[in-house]
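Here are the chains, one letter per residue:
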Amino acid sequence: MSSIEKSAVYDVDSSDPQQKLIDRSNMSPEAVAQIGELMSAFGQLREAEEAMSEASQQYMKLNATDMKAIHYLIICKHRDAIGTPGGIAEHLGISASATTKLLDRLEHGAHLTRAPHPSDRRAQAISITPGTYTAAIENVGRQQSRRFHAAARLTSAEREVVIRFLRETRDDITSSASD
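Please read all numbers here as calculations on a predicted model, not as lab measurements.

About the cut-offs
Residues numbered from 1 in each chain as written. Predicted model: local features only at pLDDT ≥ 70, side-chain atom pairs only at ≥ 80, totals over all residues. Heavy atoms only, no water. Helix = DSSP H or I, 4+ residues; strand = E, 2+ residues; numbered from the N terminus. Buried < 20%, exposed > 50% of the residue type's maximum accessible area, 1.4 Å probe, protein only. Contact = heavy atoms within 4.5 Å. Areas by Shrake-Rupley, 256 points an atom, 1.4 Å probe, with all protein chains shown as cover. Lys, Arg positive; Asp, Glu negative; His and termini not counted. Charge placed at Lys NZ, Arg CZ, Asp CG, Glu CD. Expected span 1.5 Å × (residues − 1). Polar contact = N/O pair within 3.5 Å; in protein donor to acceptor, adjacent residues only side chain to side chain. Phe/Tyr/Trp six-rings, centres within 6.5 Å; stacked < 30°, edge-to-face > 60°. Lys NZ or Arg CZ within 6 Å of the ring centre and 35° of its normal. Axes fitted to C-alpha atoms, helices over the stretch in contact; angles between N-to-C directions. Parallel < 35°, antiparallel > 145°, perpendicular 65-115°, else oblique. Left-handed = near helix turned anticlockwise from the far one by under 90°. Nonpolar A, V, L, I, M, F, W, Y, C, P; charged D, E, K, R; others polar.

Student: Mind laying out the overall build of the protein chain, listing which residues take part and the relevant values?
Tutor: Looking only at helices and strands, the protein chain features 8 helices and 2 strands. Reading the helices (α) and strands (β) of the protein chain from amino to carboxyl end gives α-α-α-α-α-β-β-α-α-α. With the principal axes as the frame, the protein chain shows a C-alpha extent of 65 × 45 × 35 Å. Across the 179 residues in the protein chain, those meeting the buried criterion constitute 25%. Sequence-distant contacts in the protein chain: of pairs separated by 6 or more residues, those separated by 24 or more amount to 48%. When the accessible surface of the protein chain is split by element, carbon and sulfur atoms take 55% of a total near 12900 Å². Where the 21 positive side-chain charges of the protein chain centre and where its 24 negative ones centre are 9 Å apart.

Here it is, written out as structure tokens:
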């Protein structure tokens, strides 16, 4: 059996040879090939981000939801905002009970602290611990920030094209998911 190169999974001619999904009859072979290269690059980026995310989770010994909560608390710290269970729940799109379990787990792991809210006696103020903050910024944050450099190398016009492409891709994916 012959081996199929990894990039073939993004090649539209390989994935849809009878054009049942995408009509390419009015496109040049060069345009179809270039779109295939774009899809391949997009897939490679997704794979690299997944690998980076998994490595970050292993380094921090946290799951994806925990990492999102930690990132939220870092943003709260940077903006001098008070993190609250409600804010975390809203940010993560999880229930109050799931938030309580998450906070219990992160507090037990010495990733956050809880204190009375300074202006709302019914609420708690949630803060990231200094050790977790340092680990997240120096390791995970430094890796994640490399995306900025790639974007900075583009011209303003090129960034506008990429922004439009990413947003239209998101819109197409989300609109087709609801169809």
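Next comes the rest of the account.
Student: Before we move on, can you summarise helix α3 (residues 64–78) with the specific residues and values?
Tutor: If you check α3, its first and last C-alpha atoms are 21 Å apart, about what 15 residues at 1.5 Å a residue would give, namely 21 Å. Looking at the buried residues of α3, the elements they touch are α2 (29–60), α4 (85–92), α5 (96–108), β1 (112–116), β2 (124–128) and α6 (130–144). The residue sitting at the N-terminus of α3 and contributing the capping side-chain oxygen is N63; that oxygen lies 3.0 Å from the backbone nitrogen of T65. Note on α3: the residue one or two positions beyond its end, D80, has a positive phi of about 55°.

Student: Tell me about the packing of aromatic side chains, residues and numbers included.
Tutor: For the structure shown, the criterion picks out 1 aromatic pair. Note on F42 and F165: the rings are 5.5 Å apart at their centroids and 65° apart in plane angle, and the pair reads as edge-to-face. Remark: F165 occurs in helix α8 (residues 156–178) and F42 occurs in helix α2; sequence separation between them is 123 residues. Classification of F42 as partly exposed rests on a relative accessible area of 22%. A relative accessible area of 25% places F165 in the partly exposed class. The side chain of K77 reaches across the aromatic face of Y133, ending 5.0 Å from its centre.

Student: Help me get a handle on the packing of α3 against α4, residues and values and all.
Tutor: Contact geometry for α3 and α4: axes closest at 10 Å, N-to-C directions at 125°. Taken together, the axis directions place α3 and α4 in an arrangement best described as oblique. The way α3 lies across α4 gives a crossing that is right-handed. Along the contact surface, α3 presents T65, K68, A69, Y72 and L73, while α4 presents G87, I88, H91 and L92. Residues that form the contact of α3 with α4 fall into these classes: 5 nonpolar, 3 polar and 1 charged.

Shape is all these values report; function is a separate question.
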